[in-house]
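# Observations on the model geometry
The lines below spell out each chain.
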Amino acid sequence: MATPVISFNPMQTTSTQTSFLLSSDGYVQGTFFDDPAIRYQLEGGVLSASATLPVWGGIPLSLAVPAINGTSGQPTALGSTVSIATTTAASQSGGIHAWSLFNQASAMIITPGSGVPVAGPGMSVNFARAGSGLRIALQLDAGLANSIVGGAPTQQVSWDFTNQAITTYSAGLGALPIIIESVSTTSRVVTYNSTTGAVTWNTQGPCAIVRI
Amino acid sequence: MALIAPARALVHPSFIEPELIITTSQPSGFMEAFAGGGLRVKIGPADKFVYVNRMDVRTQVAAQQASANLLPSATILLDYLQTATYLVRTRAEYSDLDTMDAGEWNVALPAAYRLASRQGIFQYIRTAALFGVNASNSEGLLNTPGATVVNLPPDIYGDTTMRTYDSGQLALFFLLQIQNAMTRMFMAGVPNRIVILGPQRILLQAQMTNIVQTTSYQRQGAGTATTAQVIKEVAGQFGYEVEFAFDDTLIGAGAAGADAVLLVVPEAIIASTPGVNTNEFATLSPTLQANTLQYADMAAPVEVTTPIVEGLDVTSRMRISSGWCIRSQAITVLSIPY
């Protein structure tokens, strides 16, 4: 690994700026609503050794079928190799096959000043495949929350691969294969600082519950 | 360092007053700004960091007249806060000859060195509390990220300094900051302690000199009470106990060279209501009812005394954290030009 993917700032003194809330109503990006029928769709994989960005919950993933078990070990035991998707269409290279999740992902790491659990290369990533039917919380583009409300659950939206959030539909990005169920603007969503590598929570951000 | 106890020329007969004039340093009130009014003596002498774990929650429910099966869920999140600790040490060495020289001045040298070492450490604890050991790492109460920062606005006559400001309006300014702090923390109506820590020249003037001027209309304290009395009395009637504490290292420490005054709510009183409590989650224990903390391994420095050639070596040490505001809504940094 050339450059560290997980930010670590050991000396920083940290404090909470959001420990007082009017209401706890909201979602947390990258989690699914508990559901006894389909919770077993939660699957484990391993982040590609060539990943240059960490993975947190609520990110579209591209999967690779693991190598065949051989004398050098059992690569299939680790699950699919995952990498952050770069395009929408599942048929294309880097297309969306699954969504990363925080559920049960207690091996993800937080560091001082980077309070969102993340996985680096070679670490386990929990995810659910597109089509599994789970209802997960994904970050919304801030301007989109109000325009989605009142529309059809099947309205077309796209994925912003830079800011890792649902954005306005564009033909270039393509339509996300999701069904939008509800929206909140008081949710915990993830902010990535590309300069410091810190992954932090925005505790009053826009989020949507979507069925994948 | 050294003991300077010289020989001296005296006239005989004479009388030497046995009591000494000892240099007095400001006994800072900075500790009042911390939860419990003191150091949190919990850490070990070798602990390099202090961590505080934190729990947050987001909740969702469904409500229908009949029962459906697709239900939302609550999410519980855990993360942690940290601050570094620092070992503060100082050394004193003396011999029996030094002790005798000091004795000629009616000074008990071992006790004098002990108190000098302690004072050095204690004053550094004050520096760490307010300004941090390393300010660039967000240490110290003044450097709390996300703290509310307020510059004193001009009064209705356009006055901007403590010496000229309208006394009644200054009381309202402070009361507004208390109101804002309590509002931010959803502690309206919850009796609590508020500490206003600032230089003597600001706060003592508010206590002693700034009697609220009479005007053509009735206002609180006019002609009888000072700014500080109005603050204390009005806030006190609603259960807020306002304490004034002094520290002159805050002179010039505010914005643009103004004096800094810290308005601190050291303890987070977890408000709850009987029956349906919309703050039910926070009744889970253990919960930390502190907003501002400074950790230490001992209440006073440990002394390690070692014989050295012809004398004694005494090192004093204490491990401390910087002043740490774990909930940044609890601090308001006021900049008040003198």
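First, a word on scope: everything that follows refers to the structure included in this document.

Thresholds, definitions, all that
- Residues numbered from 1 in each chain as written.
- Chains lettered and ligands numbered in written order.
- Predicted model: local features only at pLDDT ≥ 70, side-chain atom pairs only at ≥ 80, totals over all residues.
- Heavy atoms only, no water.
- Buried < 20%, exposed > 50% of the residue type's maximum accessible area, 1.4 Å probe, protein only.
- Helix = DSSP H or I, 4+ residues; strand = E, 2+ residues; numbered from the N terminus.
- 1 Å grid on protein atoms, 1.4 Å probe; cavity = no way out; pocket = protein on both sides within 12 Å on 5 of 7 lines; lining within 4 Å.
- Points joined across faces, edges and corners; volume = space filled by probe spheres on them.
- Domains from an automatic or database assignment.
- Nonpolar A, V, L, I, M, F, W, Y, C, P; charged D, E, K, R; others polar.
- Expected span 1.5 Å × (residues − 1).
- Contact = heavy atoms within 4.5 Å.
- Pairing = 2+ DSSP bridges.
- Axes fitted to C-alpha atoms, helices over the stretch in contact; angles between N-to-C directions.
- Polar contact = N/O pair within 3.5 Å; in protein donor to acceptor, adjacent residues only side chain to side chain.
- Buried area = accessible area lost by both parts, 1.4 Å probe.
- Salt bridge = Lys/Arg side-chain N within 4 Å of Asp/Glu carboxyl O.
- Phe/Tyr/Trp six-rings, centres within 6.5 Å; stacked < 30°, edge-to-face > 60°.
- Lys NZ or Arg CZ within 6 Å of the ring centre and 35° of its normal.

### What about the pairing of strand E8 (residues 135-139) of chain A?
Here E8(A) lies mainly inside the structure; 5 of its 5 residues are buried. Burial of E8(A) is two-sided: the residues Arg135(A), Ala137(A) and Gln139(A) facing one way and the residues Ile136(A) and Leu138(A) facing the other way are all buried.

### What to know about empty space enclosed by the protein
Evaluated as defined, the whole model comprises 1 cavity of 30 Å³ or more. Quantified by volume, the largest cavity comes out at close to 40 Å³. Around the largest cavity, the lining residues are Thr13(A), Thr14(A), Ser15(A), Ser138(B), Gly140(B), Thr144(B), Pro145(B), Gly323(B), Trp324(B) and Cys325(B).

### Looking at the layout of surface pockets
Reported here for the largest pocket is a volume of approximately 1300 Å³. Lining of the largest pocket is provided by 41 residues; of these, Ser19(A), Met55(B), Ile270(B), Asn279(B) and Ala282(B) occupy positions nearest its centre. For the lining of the largest pocket, the secondary-structure elements that each account for two or more residues are strand E2 (49-58) and strand E3 (75-95) of chain B. Per-element accounting of the lining of the largest pocket gives the leading share, 7 residues, to E2(B). Taken together, domain 1 (30-58 + 75-139 + 295-325) and domain 2 (142-272 + 288-294 + 326-336) of chain B each give at least three residues to the lining of the largest pocket, which thus spans both. Every element with two or more residues in the lining of the second largest pocket is listed here: E3 and helix H2 (109-131) of chain B. Element by element, the count of residues in the lining of the second largest pocket is highest for H2(B), at 8 residues. Broken down by class, the residue content of the lining of the second largest pocket amounts to 19 nonpolar, 5 polar and 1 charged.

### Some details on H2(B)
All names here are of chain B. Taking 1.5 Å as the rise per residue, H2 with 23 residues should run 33 Å; its terminal C-alpha atoms sit 32 Å apart, in good agreement. The complete set of buried residues in H2 reads Leu-109, Tyr-113, Ser-117, Ile-121, Ile-125, Arg-126, Ala-128, Ala-129 and Leu-130. Those residues of H2 hidden inside the fold are in contact with E3, helix H1 (96-103), strand E5 (192-198), strand E7 (259-264) and strand E11 (311-321). Count one or two residues on from H2 and you reach Gly-132, which has phi positive near 85 degrees.

### Some thoughts on the sheet that holds strand E7 (residues 124-129) of chain A
The strand order around the closed barrel built from 5 strands is E1-E3-E2-E4-E7 (chain A), with neighbouring strands paired in mixed fashion. Averaged over all pairs of adjacent strands, the angle between their axes in this sheet comes to 55 degrees, without regard to strand direction.

### Overview of unusual backbone geometry
The bulk of non-glycine residues show a negative phi, and the bulk of peptide bonds are trans. Residue Pro13(B) is reached from His12(B) by a cis peptide bond, and omega for that bond is 0 degrees. Relative to the elements of secondary structure, Pro13(B) occurs in the segment before strand E1 (40-41). Along the chain, Ser285(B) connects to Pro286(B) via a cis peptide bond; the corresponding omega equals 5 degrees. Of note, Pro286(B) is situated in the loop between E7 and strand E8 (292-293). Look at Gln164(A): it is not a glycine, yet its phi comes out positive at around 50 degrees. With respect to the helices, strands and loops of the structure, Gln164(A) is situated in the loop between strand E9 (157-160) and strand E10 (165-168). Positioned with a positive phi, Ala256(B) is a non-glycine residue whose angle comes to about 55 degrees. Among the structural elements, Ala256(B) can be located in the loop between strand E6 (240-246) and E7.

### Some thoughts on the side chain of Arg188(A)
With respect to the element layout, Arg188(A) can be found in strand E11 (residues 179-192). Side-chain polar atoms of Arg188(A) contact the side chain of Asp56(B), separated by 2.4 Å. When near neighbours in sequence (up to four residues on either side) are disregarded, Arg188(A) contacts Tyr27(A), Val28(A), Gln29(A), Trp201(A), Asn202(A), Thr203(A), Arg54(B), Asp56(B), Arg58(B) and Leu77(B).

### Quick word on the interface of chain B and chain A
Taken together, the contact between chain B and chain A spans 38 residues of the former and 35 residues of the latter. Across the chain B/chain A interface, buried area totals approximately 3100 Å², and carbon plus sulfur atoms make up 51% of it. On inspection of chain B and its partner chain A, the count reaches 1 salt bridge. Here Arg188(A) makes a salt bridge to Asp56(B), at a shortest N to O gap of 2.4 Å. Our count for the contact surface shared by chain B and chain A stands at 21 residue pairs in polar contact (both at pLDDT 80 or more). Among the elements of the structure, E2, E3 and strand E12 (324-325) of chain B are those that each provide at least two residues to the side of chain B that touches chain A. For the side of chain B that touches chain A, the element with the highest residue contribution is E3(B), accounting for 10 residues. Tallied by class, the residues present in the side of chain B that touches chain A amount to 18 nonpolar, 13 polar and 7 charged.

### Quick word on the sheet that holds E7(B)
Residues and elements named next belong to chain B. With respect to topology, 5 strands assemble into an open sheet ordered E4-E13-E7-E5-E6, the strand pairing being mixed. The open sheet has two edge strands with one neighbour each: strand E4 (148-151) and E6. Geometrically, the sheet is characterised by an average inter-axis angle of 20 degrees between neighbouring strands, direction not taken into account. Judged from the 6 bridges that link them, E7 and strand E13 (residues 331-336) form a sheet pairing that is antiparallel. Paired with Leu-262 across the two strands is Val-333, which belongs to E13.

### Focus: the packing of aromatic side chains
For the coordinates displayed, the defined rule picks out 9 aromatic pairs over all chains. Aromatic side chains Tyr51(B) and Tyr80(B) sit 5.5 Å apart centroid to centroid with 25 degrees between the ring planes, which places their arrangement in the stacked category. Here Tyr80(B) lies in strand E3 and Tyr51(B) lies in strand E2, a separation of 29 residues in the sequence. Taking relative accessible area as the criterion, Tyr51(B) reaches 46% and is therefore assigned partly exposed. Looking at Tyr80(B), the relative accessible area reads 24%, which means it is partly exposed. Of the aromatic side chains, those joined through ring pairs into one cluster are Phe49(B), Tyr51(B) and Tyr80(B). The side chain of Arg39(A) reaches across the aromatic face of Tyr40(A), ending 5.6 Å from its centre. When the ring centre of Tyr338(B) is taken as reference, the NZ or CZ atom of Arg163(B) above it lies at 4.2 Å.

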